[in-house]
Amino acid sequence: MHADALIDLRSDTVTKPTPGMLKAMMAAEVGDDVLGDDPAVLALQEKVADLLGKEAGLFLPSGTMANQVAIRTHTEPGDELIMEATGHTFLYETGAMAGLCGVQASLIAGTRGLITAAQVKSAIRPRQTYVPPTKLVILENTHNHGGGTLYDLDEIKNISALCKDHGLALHLDGARLWNACIATGLAPKEYALHFDSVSVCLSKGLGAPVGSVIVGSQSWIDRAKRFRKMFGGGMRQAGFLAAAGIYALDHQFARLADDHAHARRLSEGLSRIPGVIAEPEHVQTNIVFFGLRGKPASWLSDELKKRGVLLFPLRHEEVRAVTHMGLSGQQIDRVIQIMQDLAS
Ligand SMILES: *Cc1c(COP(=O)(O)O)cnc(C)c1O
């Protein structure tokens, strides 16, 4: 099948650079970022730190490295962190929190990926010599495995206050924080205010080819810089990539609203087909879970693949579809049509 005929719903990471972005990349003024003198990287770091209201930022090659460098910077080996059981940093980062950071996770069962201050409170360890010291809490917004779900800002405030009371750091895995901002109308800094550190992805819905940024206080970023280098993330003329991130923030941020509209359209269309599992009431951003009642998700993803639709079977009976800038409304309608055929 020709690549153009494929409808790729595997992830919002499959987007390719737009002509405007490629032009911006080619025009980047670069230096050696390990030596600290790549102007485009410095500009991106400052831009993201400003957007998130923090003192400093650090550019990294991936969201995984961004989160793991953040975890390593907040902790020492043997420490414990608290997070939701299906969170990306635990489930999808290859065991790096154990393998690279030497920390263990105390996992909380969330509701669609979201946890409460009361749950966090009950997971904080007493300070005793024979228990692991709790050092860090991680929230994920929007929550990937939970289905692109959104935290209530009041819950974030409660968790943040709890962390302050107990001397715990609070990190936000904000790979899709941009989607949360578009969905709620809140500015990135209105979320970031309540966290010690935030990681954001440029290579998901924003459409840059590579890159994530972590932000925090200047002293925290100074410490993070050492771990970025230790984890192999010190890049040289990285400004070509940073320029793509700057372009993405300037030109491809507001259009995330289209992705959310496509996700709603997909879920609502699917919910009208008898035998199809779809919950449009839980589609808040650009992620849609759906299935065919009685069929394993792997069967459904195979059948859809034969018909030119790519996605991942992430739950027992449900596949995950992620909308992004490479999709048209017509393609969304085509997926609904194919599901109608499969269901009948
Ligand atoms: C994609 C993602 C990341 C980072 O993924 P990379 O593929 O390493 O860039 C981190 N957190 C969440 C919630 C994600 O969805």
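Everything discussed here concerns the structure shown above.
Residues numbered from 1 in each chain as written. Predicted model: local features only at pLDDT ≥ 70, side-chain atom pairs only at ≥ 80, totals over all residues. Heavy atoms only, no water.

A. Looking closely at the site of the ligand. The ligand sits among S62, G63, T64, N67, H88, E93, E140, N144, D173, A175, R176 and K204. Within the contact set of the ligand, an oxygen atom lies 2.6 Å away from a side-chain nitrogen or oxygen of T64. Take K204: an N or O atom from its side chain is 2.7 Å from an oxygen atom of the ligand. Within the complex, 84% of the 380 Å² of free accessible area of the ligand lies under protein. (Near = heavy atom within 4 Å. Polar contact = N/O pair within 3.5 Å; in protein donor to acceptor, adjacent residues only side chain to side chain. Areas by Shrake-Rupley, 256 points an atom, 1.4 Å probe, with all protein chains shown as cover.)

B. The arrangement of the pattern of salt bridges in detail. Overall, the coordinates contain 15 salt bridges when judged by the stated rule. Close ionic contact of R223 with E76 constitutes a salt bridge, the shortest N to O distance being 3.0 Å. One end of the pair, R223, is in helix α10 (residues 218-230); the other, E76, is in the loop between α3 (63-74) and β3 (80-84), and 147 residues separate them in sequence. Judged by relative accessible area, R223 falls into the partly exposed class, the value being 31%. Given the relative accessible area of 37%, E76 is considered partly exposed. For R265, the salt bridge goes to D333, with nearest N and O atoms at 2.6 Å. Here D333 lies in helix α14 (residues 329-343) and R265 lies in helix α12 (residues 256-271), a separation of 68 residues in the sequence. (Salt bridge = Lys/Arg side-chain N within 4 Å of Asp/Glu carboxyl O. Helix = DSSP H or I, 4+ residues; strand = E, 2+ residues; numbered from the N terminus. Buried < 20%, exposed > 50% of the residue type's maximum accessible area, 1.4 Å probe, protein only.)

C. A look at the side chain of H143. You can see H143 is positioned in the loop between β5 (134-140) and α7 (153-166). Using a relative accessible area of 1% as the deciding quantity, one classes H143 as buried. Of note is the side chain of H143, whose polar atom sits 3.4 Å from the backbone oxygen of G113. Ignoring anything within four residues of it in the chain, the contact list for H143 reads E84, T86, G87, R112, G113, L114, G148 and T149. (Contact = heavy atoms within 4.5 Å.)

D. Representation of the sheet that holds strand β4 (residues 104-108) in the model. Here we have seven strands laid out as an open sheet, ordered β2-β8-β7-β6-β5-β3-β4, and mixed in their pairing. Looking at which strands have only one partner, the edges of the open sheet turn out to be β2 (56-60) and β4. Shown here is a sheet whose adjacent strand axes are inclined to one another by a mean of 20°, direction ignored. Taken together, the four bridges between strand β7 (residues 197-201) and strand β8 (residues 212-216) define a ladder with antiparallel strand orientation. Residue V198 lies in a different strand from β8, and its bridge partner there is V215. Set on the sheet, helix α2 (residues 39-51) makes contact with β2, β7 and β8; between it and β2 the angle comes to about 125°. Contacts from α10 reach β2, β7 and β8, with the element oriented near 15° to β2. (Pairing = 2+ DSSP bridges. Axes fitted to C-alpha atoms, helices over the stretch in contact; angles between N-to-C directions.)

E. Fine view of the environment of D8. When you line up the elements, D8 lands in strand β1 (residues 7-8). D8 sits in the buried class, given a relative accessible area of 15%. Residues D8 and G329, 321 residues apart in the sequence, show an inter-C-alpha distance of 13 Å. Each residue touching D8, except ones within four places of it in the same chain, is listed here: V14, L310, H324 and L327.

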